[in-house]
Number of protein chains: 2
Amino acid sequence: MVAEILCVGTELLLGDIVNTNAAYLSKQLAALGIDVYHQSVVGDNQGRLRDSLKNAFSRADIVIMTGGLGPTYDDLTKETVAEYFSLPMELHEESKKRMLEYFARRGTTPTPNNLKQALMPAGAVVFENDTGTAPGLAVEKDGKVAVLMPGPPFEMQAMFEGSVRPWLLKFSDKVLVSRTVHIAGIGESAVEHRLKDMMLAHTNPTVAPYAKQGEVQLRVTAAAKTREEAYAMTLPVLEEIREAVGEYIYGIDVGTQENAAVSLLREKRLWIATAESCSGGLLSKRITDIPGASEVFRLGVCAYADAMKVKVLGVGQDTLDRVGAVSEEVAAEMAAGVRRLAGADIGVGITGIAGPSGGTEEKPVGLIYVAVDSERYRAVEKYLPAHRQGGGRDHLRYMATQMALRMVLRALKEY
Amino acid sequence: MVAEILCVGTELLLGDIVNTNAAYLSKQLAALGIDVYHQSVVGDNQGRLRDSLKNAFSRADIVIMTGGLGPTYDDLTKETVAEYFSLPMELHEESKKRMLEYFARRGTTPTPNNLKQALMPAGAVVFENDTGTAPGLAVEKDGKVAVLMPGPPFEMQAMFEGSVRPWLLKFSDKVLVSRTVHIAGIGESAVEHRLKDMMLAHTNPTVAPYAKQGEVQLRVTAAAKTREEAYAMTLPVLEEIREAVGEYIYGIDVGTQENAAVSLLREKRLWIATAESCSGGLLSKRITDIPGASEVFRLGVCAYADAMKVKVLGVGQDTLDRVGAVSEEVAAEMAAGVRRLAGADIGVGITGIAGPSGGTEEKPVGLIYVAVDSERYRAVEKYLPAHRQGGGRDHLRYMATQMALRMVLRALKEY
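Residues numbered from 1 in each chain as written. Chains lettered and ligands numbered in written order. Predicted model: local features only at pLDDT ≥ 70, side-chain atom pairs only at ≥ 80, totals over all residues. Heavy atoms only, no water.

As a further point, take the environment of B:Tyr369. Residue and element names in this part refer to chain B. Relative to the elements of secondary structure, Tyr-369 occurs in strand E16 (residues 368-374). A residue is classified by how much of its surface remains accessible, and Tyr-369, at 12% relative accessible area, is buried. In the structure, Tyr-369 is positioned 190 residues away from Arg-179 in sequence and 32 Å away in space, judged by C-alpha atoms. In this structure, Tyr-369 is in contact with Val-326, Ser-327, Glu-328, Ala-331, Gly-349, Ile-350, Thr-351, Val-380, Glu-381 and Lys-382, ignoring residues within four places of it in sequence. (Helix = DSSP H or I, 4+ residues; strand = E, 2+ residues; numbered from the N terminus. Buried < 20%, exposed > 50% of the residue type's maximum accessible area, 1.4 Å probe, protein only. Contact = heavy atoms within 4.5 Å.)

Hydrogen bonding along the main chain pairs the strands of a sheet, whether they run parallel or antiparallel. Reading across the sheet, the 12 strands line up as E6(A)-E7(A)-E8(A)-E3(A)-E1(A)-E2(A)-E2(B)-E1(B)-E3(B)-E8(B)-E7(B)-E6(B) and stay open at both edges, with mixed pairing between neighbours. Among the strands making up the open sheet, the edge pair consists of strand E6 (125-127) of chain A together with strand E6 (125-127) of chain B. Sheet twist, expressed as the average angle between the axes of neighbouring strands with direction ignored, equals 15 degrees. Bridging between E6(A) and strand E7 (residues 136-141) of chain A involves three bridges; their strand directions are antiparallel. Across the sheet, the residue bridging to A:Val126 is A:Leu137, located in E7(A). Here helix H7 (residues 153-168) of chain A sits on the sheet and contacts strand E3 (62-66), E6, E7 and strand E8 (144-149) of chain A; the angle it forms with E8(A), its principal contact strand, is near 155 degrees. (Pairing = 2+ DSSP bridges. Axes fitted to C-alpha atoms, helices over the stretch in contact; angles between N-to-C directions.)

On to the packing of aromatic side chains. All chains considered together, the criterion is met by 16 aromatic pairs over all chains. Geometrically, the ring pair formed by A:Phe57 and A:Phe85 is edge-to-face, given 5.9 Å between the ring centres and 75 degrees between the ring planes. Of this pair, A:Phe57 sits in helix H3 (residues 46-59) while A:Phe85 sits in the loop between helix H4 (77-84) and strand E4 (89-91), placing them 28 residues apart in sequence. Like A:Phe85, A:Phe57 is buried. With centroids separated by 6.0 Å and ring planes inclined at 75 degrees, the aromatic side chains of A:Phe127 and A:Trp167 adopt a geometry described as edge-to-face. Separated by 40 residues along the polypeptide, A:Phe127 in strand E6 and A:Trp167 in helix H7 bring together distant segments of the chain. What makes A:Phe127 buried here is its relative accessible area of 5%. An aromatic cluster is defined as three or more aromatic residues linked by ring pairs; in this entry it consists of A:Phe57, A:Tyr84 and A:Phe85. The aromatic ring of B:Tyr37 is capped on one face by A:Arg48, whose charged end is 3.6 Å from the ring centroid. (Phe/Tyr/Trp six-rings, centres within 6.5 Å; stacked < 30°, edge-to-face > 60°. Lys NZ or Arg CZ within 6 Å of the ring centre and 35° of its normal.)

Listed as buried for helix H9 (residues 257-267) of chain B are B:Gln257, B:Glu258, B:Ala260, B:Ala261, B:Val262 and B:Leu265. Buried-residue contacts for H9(B) involve strand E11 (215-224), strand E12 (249-252), strand E13 (272-276), helix H10 (282-288), strand E15 (346-352) and helix H14 (393-412) of chain B.

Counting residues at the interface gives 87 residues for chain A, matched by 86 residues for chain B. Here chain A meets chain B over a buried area of about 7300 Å², counting both sides, of which 57% is carbon and sulfur. On the surface where chain A and chain B come into contact, there are six salt bridges. For A:Asp289, the salt bridge is made with B:Arg397, and the minimal N-O distance between the two is 2.9 Å. For the pair chain A and chain B, the number of links is 34 residue pairs in polar contact (both at pLDDT 80 or more). Pairing between strand E2 (residues 35-42) of chain A and strand E2 (residues 35-42) of chain B: five bridges, direction antiparallel. From the neighbouring strand, A:Ser40 faces E2(B), where its bridge partner is B:Ser40. (Buried area = accessible area lost by both parts, 1.4 Å probe. Salt bridge = Lys/Arg side-chain N within 4 Å of Asp/Glu carboxyl O. Polar contact = N/O pair within 3.5 Å; in protein donor to acceptor, adjacent residues only side chain to side chain.)

See below:
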């Protein structure tokens, strides 16, 4: 079964928003064993939407669409799909009723254009929207299937998980199991150099490398009739990878580093606290992205000004005077200071120059120090990108938190 | 001139990464007056890549591609483009020299597959890569143009800005000017209801609404021969919009709210400090995303545990006992506390329940209080989404910071 993702919205073509829907849906469909060979984006233009739909159905059996279900005049996805399948539009009473209830609950009344959202191609399967006003739908005819969901990511995801995934299960004839090997401290081309023959030799499972910011992942994907069978097929391949690059592997299927860190901290019943300067709170944000972080995370201090490093974190004024804020010593004192302040088991300190300005010959933009302080593990590491400006402010800030999380994972091995 | 964006990479089709490149390039091309009607994604598969390239050239004059220029065996973009234009591949000496220098600087040596990155279709214009190893290129033949850039976003963006944009200028025959009207406190369909006739009537400038998380934007876009002419054409339309929804407009072309807040704080020489609970540092992260934030931002405290609210921010233990952490009072005490601790002009406090668990009947998931404390403006606002779970943890955390920034912008009007 081959599916294609077609996202509708001029705001995507203007670059006003990033297409997270395509990534989300691709991941979900892969897990269902439904292949995706193409993702496309087209604007709110009926002619081009019609052509794109035709084009998609020339290559795929299922077209999963997002966007264009809103109340405004340029929302045309449903109408175009109805036309493609030669179906009339009809009022869907249940959807109308739900919409009126929704507005009543908010104490407002729908504008006339809201009611357009209750019109459906005849015979469509309608998916309720628990987080917004536009219902989703599926149309199935002559072996072709169109699934339509709203564009806002949180509405689409809630609908996919609640209604669309269960409905799609009937189209899946195999199960895919993917295992991800997380590798740090070695570049993508070096990984591939060591594993090239193996990657070419295997077709099921497949082995593919992905360079992420600050790490490399190897994805091992097996297809089989059952989940158990597919899982078992991945095991010997993982063993081969371990033999080739074992010293650089920091985990298998550990998700993001923050995910891995929070679950280990929970498991070991340890508290963590963070002190940040250049990364501006991104580390505490990444840790608290994980539900349940409140069981392991107590305090994050973003001491952007030097005076705050002294006052709140207890960094020595003499240290600052002697070696400056961007230094091994200050990173270590920040980590120890926030650990003490929060009464935590592990403290992290990050200080650096994220740019674009503020760099000097001696301390260029991109120079970052990360410290971890705990009873059993204490270390400071330096990051300095090979490239001038190091890929920009956002990238540098992200890399600082990547390094911090990697060091936290290392510290956790001691507990 | 019509361009199409074609991103190459199986990791995109598997949903392992989000396609930020398409959004970035769309925005850049729009600003150059080059229309984009389609974005496509295809995997590292030569047959499908060939078909997608043909398909793209059937609809566009310029195809802008990213990805597939890496050193590994499945990087095939250059080879496929060479084949499409019937051009042989040749070693590009300058690129080879630069690559050897790059590895020497890092103290490593290239693996043999790295050198594949120096092979180019004959006659290609080569764009240097200042932040990675894969050069970009452009091939122009028979009125069709292919531009190829590396996939990693920071490499691609640096190359686009440094080399590709200047090179593309020759294809642009008009200038687009876009003005963005930022609206808060009214929904998208209500905005559209008030402005529908106007949006339909105008074709140049066009007027289009975009619902963002927690705000609505109206984008007014004019096309003309010169920037001045296009700019002037937007003015009467902005005036019409002001007449229709003026009371909800909080700015024109103010960029993101954090951008607007940081520039106003700089202009008025004020210091801000943040105290966060449920938002986990996201507000300090958003403020420090803006270069130059160090001139206005001193301290952010993420007091995730109640004990930290008391110890670091000076929130009253009695207040916590009496009304609980998620309350108007605690939000206000957090804002005042961090302002005092940092010696700042404006303090912000955020407390709430981001979920997925932790909600009660009385204080459900999604309940958030935001407080701003300053000499001239002091307020606490409550947020409670209409939907159960309110769109999920990430969305709620984001909405909390949206509300906080909106209140900070309001406070700044008093200075």
